[in-house]
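Remarks on the overall topology
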Amino acid sequence: MLNRLIYLIKYYVYIISNRLRTLDYIEFHISDHCNLNCAYCTHFSPLAEPTFYEFENFKKDIIQLSKLTNSYIKDIRILGGEPLLNERCTEYIEITRKFFPASKISLVTNGILLSKQSMEFWKCCRENKILIDCSMYPINLDYSQIEQLCKDNNVGFYFNGNNTNSRYFLKVALDKDGKVPFEKSYLICNCMSKCAFLRDGRVYHCPIIGNIEILNKYFNEKFILSDKDSINIHKISKVDSILKFLSKDSPFCRYCNLSESHCCSWKKSAKSIDEWVKN
């Protein structure tokens, strides 16, 4: 009984001390699938069917998010999957910038399709002040050419990682029993305030939760999502509701045994369930 009381005190002290004051970060897929088959992908892109964030729904979500945040979120990342697989990519960029004129907006890509983009794409990135956030992998891709391409088009760029075999992915080791204690999941998780994920009108703590249905469908698994695992942005009137939601753990956290998760060298996915789920 005493141990339980101490645990609850620690829990609420943690929640109060980590209460978010502003929504500084949001990310979202405009494409679930990818053209680079990475093992351990926490967005489950190797398992995803070719799917996109339906544009009209996306537009409604961005407008509502803008109303809630007074048109400012410090850091917005447009990603996937591979966002350049979405042929309407520039439209998503334009609508995001329209309603978030002062935010830092990054397009996160593996770079494979950058050399095939039209002048209209580069003009859109330049005029909307988009930062190309290029994730580097140990694959046959000329990153110096990508750098020059961005410079030639006067578009900001950033390389995430380096072109060596030292690229790592986190193997999350999801526990199907769903009995992971708070101190082995949420307390040691870096997702709070850093990985807020928008999908179809709802904000999740992280992309693992927001995209778990991709894994469920592919492997016929039953990782359970409840209404408490996300917040519907169209049913709230203040950003404080999102901040309060993100400042405490999600019921889904009981599946993430981060104490047993570890980094693995990058490799191509075999689409085997043990890349994501604890044996």
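Note that the coordinates shown come from a computational prediction; the quantities given were computed from them, not determined experimentally.

What counts, and where the lines are drawn
- Residues numbered from 1 in each chain as written.
- Predicted model: local features only at pLDDT ≥ 70, side-chain atom pairs only at ≥ 80, totals over all residues.
- Heavy atoms only, no water.
- Helix = DSSP H or I, 4+ residues; strand = E, 2+ residues; numbered from the N terminus.
- Buried < 20%, exposed > 50% of the residue type's maximum accessible area, 1.4 Å probe, protein only.
- Contact = heavy atoms within 4.5 Å.
- Areas by Shrake-Rupley, 256 points an atom, 1.4 Å probe, with all protein chains shown as cover.
- Arc of directions from axis to C-beta.
- Core = buried A, V, L, I, M, F, W, Y, C linked by side-chain atoms within 4.5 Å.
- Salt bridge = Lys/Arg side-chain N within 4 Å of Asp/Glu carboxyl O.

So, on to the overall build of the protein chain. What the protein chain contains, in helices and strands, is 8 helices and 10 strands. By residue count, 51% of the 279 residues in the protein chain fall in the buried class. Contacts spanning at least 24 positions in sequence make up 81% of the contacts within the protein chain whose residues lie at least 6 apart. Accessible area for the protein chain stands at about 14,200 Å²; split by element, carbon and sulfur atoms hold 50% of it.

So, about helix α4 (residues 119-127). What α4 keeps buried is the set Phe121, Trp122, Cys124 and Cys125. With its buried residues spanning 155 degrees around the axis, α4 presents them on a single face. Of the residues in α4, the exposed ones pointing more than 90 degrees away from the buried face are Met119, Glu120 and Glu127. The inward-facing, buried residues of α4 abut α3 (89-99), β3 (104-109), β4 (130-135) and α5 (143-152). Directly after α4, the chain includes Lys129, whose backbone phi takes a positive value near 55 degrees.

A positive phi angle, near 55 degrees, is found at Asn70, a position not held by glycine. Structurally, Asn70 can be placed in the loop between α2 (55-69) and β2 (75-80). A residue is classified by how much of its surface remains accessible, and Asn70, at 68% relative accessible area, is exposed. Within the chain, Ser71 stands out as a residue other than glycine whose phi angle is a positive 65 degrees.

Right, let's talk about the side chain of Asp133 for a bit. One can find Asp133 in strand β4. Asp133 has contacts with Arg77, Ser106, Leu107, Val108, Thr109, Tyr158 and Asn160, leaving out every residue within four places of it along the chain.

What follows concerns the nonpolar core. Counting 57 residues, the largest nonpolar core has Phe28, Phe121, Ile132, Val203 and Ile242 as its most contacted members. Among residues more than four places away in sequence, those in contact with Ile132 are Leu107, Thr109, Leu114, Phe121, Trp122, Cys125, Cys150, Val155, Gly156, Phe157 and Tyr158. Core analysis: the next-biggest nonpolar cluster, separate from the first, contains 20 residues, Phe44, Phe197, Tyr255 and Cys256 among them.

In this section: the pattern of salt bridges. By the definition in use, this model includes 8 salt bridges. The partner of Glu91 in a salt bridge is Arg88, and the shortest N-O contact between them spans 2.8 Å. Judged by relative accessible area, Arg88 falls into the partly exposed class, the value being 36%. With a shortest N-O distance of 3.1 Å, Lys151 and Glu147 are connected by a salt bridge. Here the residue Lys151 and the residue Glu147 both occupy positions in helix α5, the gap between them amounting to 4 residues, near one helical turn. For Lys151, a relative accessible area of 47% puts it in the partly exposed group. Classification of Glu147 as partly exposed rests on a relative accessible area of 27%. A single network of salt bridges, built from pairs that share partners, joins Glu27, Arg77 and Asp133.

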